[in-house]
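# Descriptive structure summary
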Amino acid sequence: MKYFKLFCATALYLAILCTIWLLIVNFFKVDVVFYSAIWAAVIAVAIQAVLIFTTPLLRGWSGVEKFQQLVSCVLLGYIMAISVPTVIDRSLSFYILEKLQQRGGGIQLVKFNQIFTTEYMREHRLVDIRLTEQTESGTIVIDGDCVKLTPKGDNIASFGRFFRQNLLPKQRLLMGEYTDQLTNPFQHSDAAPDYLCH
């Protein structure tokens, strides 16, 4: 009986979370999809907490067990926020599948670079989305016609670079060949680009 109540409480949390998400995407302005999904999870946990502690939903459970159920809802909400709307919103893998479907199920392999540089960037407004997300996150500022890194952004970039070079696979499969190329993607960058801010 206890496990059935746990299942019901978790199912109720998921129903609340999905309802809140549907309200957000249909009736509110969204700055960043991931942040909105996190807020949906937080609101759903708050509603779940009220239900757990003020209704007979988990009658007979100790305070610790109720707290553990709420912690599992927090983790489930976080997993859902990252794994569903955020992934679908920004996933290149989903884009490839959707583009193949749009084009009748098949595209010539040699045309994928062209698709990414001409269609993907335009259709998904990638530059606008990423600059908006980074501005809202406080990692960049846009000053006139120059995008500048903030101290917070600099710290995150340093962490990402360290992680990429030291904690990503050195032998990763890319188009039939194992390589460490993505641990240092800047190794073939232009030495003196013409797009720097002065």
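Anything mentioned here points back to the structure above.
These numbers come from a predicted model, not from an experiment.

Under the defined criterion, the tally for this structure stands at one disulfide. Put simply, Cys-146 and Cys-197 are joined by a disulfide, and their sulfur atoms are 1.7 Å apart. Its S-S torsion of about 115° marks the bond between Cys-146 and Cys-197 as right-handed, since a negative value means left-handed. Residue Cys-146 is found in strand β2 (residues 146-149), and its partner Cys-197 is found in the segment after β4 (177-179); the two are separated by 51 residues along the sequence. In this model Cys-8 remains outside any disulfide bridge; the closest cysteine sulfur is found in Cys-73, 13 Å from its own. Take Cys-18: it sits in no disulfide, and the sulfur closest to it among the cysteines is that of Cys-73, at 12 Å.

Let us look at a nonpolar patch on the surface. Together, Tyr-78, Ile-82, Val-84, Val-87, Ile-88 and Phe-94 make up a nonpolar patch on the protein surface, roughly 460 Å² of accessible area in all. Counting residues per element, the nonpolar patch draws most heavily on helix α3 (residues 63-90), which supplies five residues. Take Val-87: it is sitting in helix α3.

Right, let's get into the pattern of salt bridges. Under the defined criterion, the tally for this structure stands at seven salt bridges. The shortest N-O distance in the salt bridge between Glu-133 and Arg-90 comes to 2.3 Å. Of the two residues, Glu-133 is situated in helix α6 (residues 126-137) and Arg-90 in helix α3; the sequence distance between them amounts to 43 residues. Between Lys-99 and Glu-119 there is a salt bridge, with the nearest N and O atoms lying 2.6 Å from each other. With a gap of 20 residues between them, Lys-99 in helix α4 (residues 92-102) and Glu-119 in helix α5 (residues 112-123) connect regions that are remote in the sequence. Of the residues examined, Glu-119 reaches a relative accessible area of 17% and is grouped as buried. Salt bridges linked by common partners bring Lys-99, Arg-103, Glu-119 and Glu-123 together as one network.

Attention now moves to the packing of helix α2 (residues 33-54) against α3. Taken N-terminus to C-terminus, the directions of α2 and α3 make an angle of 155°; their axes are 9 Å apart at the nearest point. Taken as axis vectors, α2 and α3 run roughly antiparallel relative to one another. The handedness of the crossing between α2 and α3 is right-handed. Of the residues in α3, those touching α2 at Val-33, Phe-34, Ala-37, Ile-38, Ala-41, Val-45, Gln-48, Ala-49, Ile-52 and Phe-53 are Lys-66, Gln-69, Leu-70, Cys-73, Val-74, Gly-77, Tyr-78, Ala-81, Ile-82, Pro-85, Thr-86 and Asp-89. Split into classes, the residues belonging to the contact of α2 with α3 amount to 16 nonpolar, four polar and two charged.

What counts and what doesn't
Residues numbered from 1 in each chain as written. Predicted model: local features only at pLDDT ≥ 70, side-chain atom pairs only at ≥ 80, totals over all residues. Heavy atoms only, no water. Disulfide = S-S within 2.5 Å. Helix = DSSP H or I, 4+ residues; strand = E, 2+ residues; numbered from the N terminus. Patch = residues over 30% accessible without salt bridge, like charges linked within 9 Å, V, L, I, M, F, W, Y side chains within 5 Å. Areas by Shrake-Rupley, 256 points an atom, 1.4 Å probe, with all protein chains shown as cover. Salt bridge = Lys/Arg side-chain N within 4 Å of Asp/Glu carboxyl O. Buried < 20%, exposed > 50% of the residue type's maximum accessible area, 1.4 Å probe, protein only. Axes fitted to C-alpha atoms, helices over the stretch in contact; angles between N-to-C directions. Parallel < 35°, antiparallel > 145°, perpendicular 65-115°, else oblique. Left-handed = near helix turned anticlockwise from the far one by under 90°. Contact = heavy atoms within 4.5 Å. Nonpolar A, V, L, I, M, F, W, Y, C, P; charged D, E, K, R; others polar.

As far as function goes, none of this settles anything; it's purely spatial.
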